[in-house]
Amino acid sequence: MRKKATWLMVGAACVLLLCSTIGSTRAALTYYSDNYVAKITVSQIGVSLLENGAAVSSRDYDGDEWNVATNSGAGGAQAADGTAGSASANGALLIGMLGEGERLALNKKYEEKLSVKNSGSIDEYVRVRVYRYWMKDGKKVTTLSPDLIDLHFVNTDRWVRSGEETTECVELFYKGALASGEETAAFADTIRIDGRLASEASVETKGNTVTTTYKYDGVEFHVDVEVDAVQIHNAQDAIKSAWGVDASALGIL
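Because the structure is a prediction, the values reported are computed rather than measured.

Quick notes on the pattern of salt bridges
Part 1 of the reasoning: Considering all chains together, one arrives at 11 salt bridges under this definition.
Part 2 of the reasoning: Note that Arg129 is salt-bridged to Glu171, the shortest N-O span being 3.1 Å. One end of the pair, Arg129, is in strand β10 (residues 124-136); the other, Glu171, is in strand β14 (residues 169-174), and 42 residues separate them in sequence.
Part 3 of the reasoning: Looking at Arg129, the relative accessible area reads 25%, which means it is partly exposed.
Part 4 of the reasoning: Three or more residues are tied together by salt bridges with common partners; here these are Arg127, Arg129, Glu171, Glu226 and Asp228.

Here it is in structure tokens:
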């Protein structure tokens, strides 16, 4: 009998550029498991998102509950369907990006090593989606390019791009199965706000007065990281079902 369980954990991070101070909302973490054989149980799967070697958030199935831990202090047990209490599964990225009293500097590279750990007891395949975007007053700012949020992707020989990405979203698949207890190679190592941001401005002249308004005034940049894991049993079909891609064509099996 085929069974399928889907679960979600979300987290994100943002930096307030106007005041050059660090703030955080949520970073993103998602998981999938498909059961194709009764003896392969979802209770064996788990995954964690790591930032600079520390867990941002993790979620592991134990019995009939999800055990959740995050770096924001939230967590605990959740219902088996993964819906109840999902808001408590949020972790925060970039909270240590700036030192005390430090101001954000354009073009400066900040350490941001991101990787995934298999915290379950069965091997799994891993996908990562990274979203970069700008926000102001709770709304997305479409006049600023996500490319100005320069998250430096690394280990491209281990992380395969799907080719179905957008300017805002980059989709990566880890090549090969990730063994229980093992950590992937990092998929990113630094983050930088491109100095071209300072040229995004409008100039208004009234008489002898020239007013320059920067498009980044009052905006936040956001980085969301979403992680999916699929068990290795019947991997080709499981990956197709969960992610809608041909694993063999991508070369990730």
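Thoughts on helix α1 (residues 235-243)
Part 1 of the reasoning: Turning to α1, its buried residues are Ala235, Ala238, Ile239, Ala242 and Trp243. Summarising the axial view, the buried residues of α1 lie within an arc of 95°, below the 170-degree limit, and thus occupy one face.
Part 2 of the reasoning: Positive backbone phi, at 70°, marks Gly244, one or two positions downstream of α1.

Thoughts on the nonpolar core
Part 1 of the reasoning: Core analysis: the largest hydrophobic core is formed by 38 residues, its most contacted members being Val128, Trp134, Phe187, Ile191, Phe221 and Val225.
Part 2 of the reasoning: Listed by contribution, the elements that provide at least two residues to this core are β5 (46-51), β9 (110-117), β10, β12 (149-153), β14, β15 (188-193) and β18 (220-231).

Quick look at the side chain of Asp224
Part 1 of the reasoning: Turning to its location among the elements, Asp224 is positioned in strand β18.
Part 2 of the reasoning: No salt bridge is formed by the buried Asp224; its nearest oppositely charged neighbour, Lys140, is found at 7.3 Å.
Part 3 of the reasoning: Of note is the side chain of Asp224, whose polar atom sits 2.8 Å from the side chain of Tyr133.

Topic: the pairing of β14
Part 1 of the reasoning: Counting buried residues along β14, 6 of its 6 residues qualify, which places the element largely inside the surrounding structure.
Part 2 of the reasoning: The two faces of β14 match: Cys169, Glu171 and Phe173 on one face and Val170, Leu172 and Tyr174 on the other face are all buried.
Part 3 of the reasoning: One ladder, built from 5 bridges, connects β10 with β14; its direction is antiparallel. Within β14, the position partnered with Val130 by the bridge is Val170.
Part 4 of the reasoning: Pairing of strand β13 (residues 159-161) with β14, which is carried by 3 bridges, proceeds in the antiparallel orientation. Bridge pairing links Val160 to Phe173 in β14.

Brief notes about the confidence of the model for the protein chain
Segments scoring low in pLDDT should not have their predicted coordinates read at a detailed level.
Part 1 of the reasoning: Scored by pLDDT, the protein chain comes out at a mean of 75, with 71% of its residues at no less than 70.
Part 2 of the reasoning: By mean pLDDT, strand β3 (residues 21-23) is the weakest element of the protein chain at 28, and β14 is the strongest at 96.
Part 3 of the reasoning: In the model, residues 1-41 has pLDDT below 50 throughout and makes 171 contacts with residues more than four positions away in sequence or in other chains.
Part 4 of the reasoning: Across residues 79-88, confidence stays below pLDDT 50; counting only partners more than four residues off in sequence or on other chains, it has 18 contacts.

Digging into unusual backbone geometry
Part 1 of the reasoning: Despite not being glycine, Asn52 has its phi angle at roughly 50°, a positive value.
Part 2 of the reasoning: By secondary structure assignment, the location of Asn52 is in the loop between β5 and β6 (54-62).
Part 3 of the reasoning: Phi is positive for Asn155, which is not a glycine, with a value near 55°.
Part 4 of the reasoning: Of note, Asn155 is situated in the loop between β12 and β13.

Digging into the packing of aromatic side chains
Part 1 of the reasoning: A complete count under the given rule lists 4 aromatic pairs for this structure.
Part 2 of the reasoning: Ring centres of Trp134 and Phe221 lie 6.3 Å apart, and the angle between their planes is 70°; on these two criteria the pair is classed as edge-to-face. Separated by 87 residues along the polypeptide, Trp134 in strand β10 and Phe221 in strand β18 bring together distant segments of the chain. Residue Trp134 shares its accessibility class with Phe221, and that shared class is buried.
Part 3 of the reasoning: Centre to centre, the rings of Trp159 and Phe187 are 5.3 Å apart; their planes meet at 70°, and the pair counts as edge-to-face. Residue Trp159 is found in strand β13, and its partner Phe187 is found in the loop between β14 and β15; the two are separated by 28 residues along the sequence. An identical accessibility class is assigned to Trp159 and Phe187; each is buried.
Part 4 of the reasoning: We note Lys140 situated over the ring of Tyr133; from NZ or CZ to the ring centre the distance is 4.7 Å.
Part 5 of the reasoning: Here the basic side chain of Arg161 rests over the ring of Phe153, its NZ or CZ set 5.1 Å away from the ring centre.

Quick notes on the rules
- Residues numbered from 1 in each chain as written.
- Predicted model: local features only at pLDDT ≥ 70, side-chain atom pairs only at ≥ 80, totals over all residues.
- Heavy atoms only, no water.
- Salt bridge = Lys/Arg side-chain N within 4 Å of Asp/Glu carboxyl O.
- Helix = DSSP H or I, 4+ residues; strand = E, 2+ residues; numbered from the N terminus.
- Buried < 20%, exposed > 50% of the residue type's maximum accessible area, 1.4 Å probe, protein only.
- Arc of directions from axis to C-beta.
- Core = buried A, V, L, I, M, F, W, Y, C linked by side-chain atoms within 4.5 Å.
- Lys, Arg positive; Asp, Glu negative; His and termini not counted.
- Polar contact = N/O pair within 3.5 Å; in protein donor to acceptor, adjacent residues only side chain to side chain.
- Pairing = 2+ DSSP bridges.
- pLDDT = per-residue confidence, 0-100.
- Contact = heavy atoms within 4.5 Å.
- Phe/Tyr/Trp six-rings, centres within 6.5 Å; stacked < 30°, edge-to-face > 60°.
- Lys NZ or Arg CZ within 6 Å of the ring centre and 35° of its normal.

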